[in-house]
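Listed below, chain by chain, are the residues.
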Amino acid sequence: MTDPTPVVQHTVAGTVLTMPVRVRTAYQHTAMFVVDADAAQRMIDYSGLQVCRFARGRALVVLMLMRYEDTDLGQYYEYGTNVMVNPPGGSASRATGVQALQSAGAFVHHLPVDQSFTLEAGRTLWGYPKVMADFTVRNGRHFGFDVTVDGQLAVSMEFQPGLPVPSKFTSRRQVHNTYSHLDGVTRETAGEMLLTGVRYRPGGVKLRLGNHPYAAELASLGLPKRALVSSSAANVDMTFGNARVVSQ
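Residues numbered from 1 in each chain as written. Predicted model: local features only at pLDDT ≥ 70, side-chain atom pairs only at ≥ 80, totals over all residues. Heavy atoms only, no water.

Under an unreviewed UniProt entry, the name given to the protein is Acetoacetate decarboxylase, and the source organism is Mycolicibacterium cyprinidarum.

On to the overall build of the protein, then. When helices and strands are tallied, the protein shows 4 helices and 15 strands. Relative to the globule expectation of 18 Å for 248 residues, the C-alpha radius of gyration of the protein, 18 Å, shows essentially globular dimensions. In terms of overall dimensions, the protein has C-alpha extents of about 55 × 40 × 40 Å along its principal axes. Counting the 248 residues in the protein, one finds 51% classified as buried. Of the contacts made within the protein by residues no fewer than 6 positions apart, 67% connect residues no fewer than 24 positions apart. Carbon together with sulfur atoms contributes 50% to the accessible area of the protein, which is approximately 12200 Å² in total. If you average the places of the 23 positive and of the 19 negative side-chain charges in the protein, the two averages end up 11 Å apart. (Helix = DSSP H or I, 4+ residues; strand = E, 2+ residues; numbered from the N terminus. Rg over C-alpha atoms; globule rule 2.2 N^0.38 Å. Buried < 20%, exposed > 50% of the residue type's maximum accessible area, 1.4 Å probe, protein only. Contact = heavy atoms within 4.5 Å. Areas by Shrake-Rupley, 256 points an atom, 1.4 Å probe, with all protein chains shown as cover. Lys, Arg positive; Asp, Glu negative; His and termini not counted. Charge placed at Lys NZ, Arg CZ, Asp CG, Glu CD.)

Attention now moves to the environment of Tyr76. For Tyr76, the location among the structural elements is in strand β5 (residues 76-85). Residue Tyr76 is classed as buried on the basis of its relative accessible area, which comes to 3%. Spatially, the C-alpha atom of Tyr76 lies 9.4 Å from that of Ser116, the residues being 40 residues apart in sequence. Side-chain polar atoms of Tyr76 contact the side chain of Thr118, separated by 3.4 Å. (Polar contact = N/O pair within 3.5 Å; in protein donor to acceptor, adjacent residues only side chain to side chain.)

Here the focus is the pattern of salt bridges. Counting across every chain of the model gives 9 salt bridges. The salt bridge partner of Asp146 is Arg138, with a shortest N-O separation of 3.0 Å. For Asp146, a relative accessible area of 17% gives the class buried. Judged by its relative accessible area of 31%, Arg138 is partly exposed. Here Arg244 ties to Glu188 by a salt bridge, and the two come within 2.8 Å at their closest N and O atoms. (Salt bridge = Lys/Arg side-chain N within 4 Å of Asp/Glu carboxyl O.)

Right, let's get into the packing of aromatic side chains. For any pair of aromatic rings, geometry is given as the distance between the ring centres together with the angle between the planes. Taken as a whole and assessed by the stated rule, the structure comprises 11 aromatic pairs. Seen from their ring centres, Phe145 and Phe159 are 6.5 Å apart, and the 25 degrees between their planes marks the pair as stacked. On the criterion of sequence distance, the pair formed by Phe145 in strand β9 (residues 143-149) and Phe159 in strand β10 (residues 152-159) is long-range, its members being 14 residues apart. Taken as a pair, Phe145 and Phe159 share a single burial class, namely buried. (Phe/Tyr/Trp six-rings, centres within 6.5 Å; stacked < 30°, edge-to-face > 60°.)

A word on the side chain of Asn86. Along the chain, Asn86 turns up in the loop between β5 and α2 (97-103). Looking at Asn86, its side chain comes within polar contact range of the main-chain oxygen of Val51, at 3.4 Å.

Moving on to unusual backbone geometry. A cis geometry characterises the amide bond from Met19 onward to Pro20, with omega recorded as 0 degrees. Checked against the element boundaries, Pro20 lands in the loop between β2 (15-18) and β3 (21-36). In this model, Ala13 sits at a positive phi of 50 degrees, which is unusual for a non-glycine residue. A positive phi angle is found at Asp150, which is not glycine, with a value near 55 degrees. With respect to the element layout, Asp150 can be found in the loop between β9 and β10. Judged by relative accessible area, which is 70%, Asp150 ranks as exposed.

Right, let's talk about helix α3 (residues 116-126) for a bit. Considered for burial, the residues of α3 that qualify are Thr118, Leu119, Ala121, Gly122, Leu125 and Trp126. Two residues or fewer past α3, Gly127 is found with a positive phi of approximately 70 degrees.

Taken in spatial order, the 4 strands of this open sheet run β8-β9-β10-β14, and their pairing is antiparallel. Because the sheet does not close on itself, it has two edges, and the strands there are β8 (134-138) and β14 (205-209). The average angle at which neighbouring strand axes cross in this sheet is 10 degrees, direction not considered. (Pairing = 2+ DSSP bridges. Axes fitted to C-alpha atoms, helices over the stretch in contact; angles between N-to-C directions.)

Counting residues in each nonpolar core, the largest one holds 40 residues, and the members touching the most others are Phe33, Leu63, Met157 and Leu221. Elements with a minimum of two residues in this core: β3, α1 (37-44), β4 (58-71), β5, β9, β10, β14 and α4 (213-219). Setting aside residues up to four positions removed in sequence, Met157 forms contacts with Ala31, Leu63, Arg138, Phe143, Gly144, Phe145, Val205, Lys206 and Leu207. (Core = buried A, V, L, I, M, F, W, Y, C linked by side-chain atoms within 4.5 Å.)

Shown next as structure tokens:
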């Protein structure tokens, strides 16, 4: 008889977290942009990872806003700049097109949040580059938000409503890998995600950059420009496991 999988726990700011960390209720807005792969690579060279060149000279960057409602880390807003990258140490860098994207993971380059507990947990447990920020969210016919870091506007986005996607196309739980780099250490975190109430739209988002250094980095990718596609999810159910050190 084999022993059961041991329970892994971490203590953050006096709170015990049992892995994997669970997100039960959250909503999401994302916009995917096709950008110059060389520019994206320069932006994330510090990580030691390679961008996923799914087409000749092209890479994908995903900008997203999450509102976490019921989670092990509490309630908070989070903005992310994610660059799709090849898994380290494999042959994925030679793949192209859909095949390359199927094996790609998301490297988290920016990750402002508005609560201190999730900031400490994110940096300590997964090496996510979380920083404190202020969020202004506009709910209406068009959903929009502003992210301000250190008193400077970083990103402003406004979304047009998308078209509903039948649940049979989104009801499967997805395995997703994210990558991070903090204090000289690159990490990989495995998780699972189930989206419901999904809507998609070609384009469908207006992006405005501010004067924070984050905005200058996004501008170096050729943003703002028309999004390839934008999306929203009425709920995101996900887990985050323990991080694995890739390199240091």
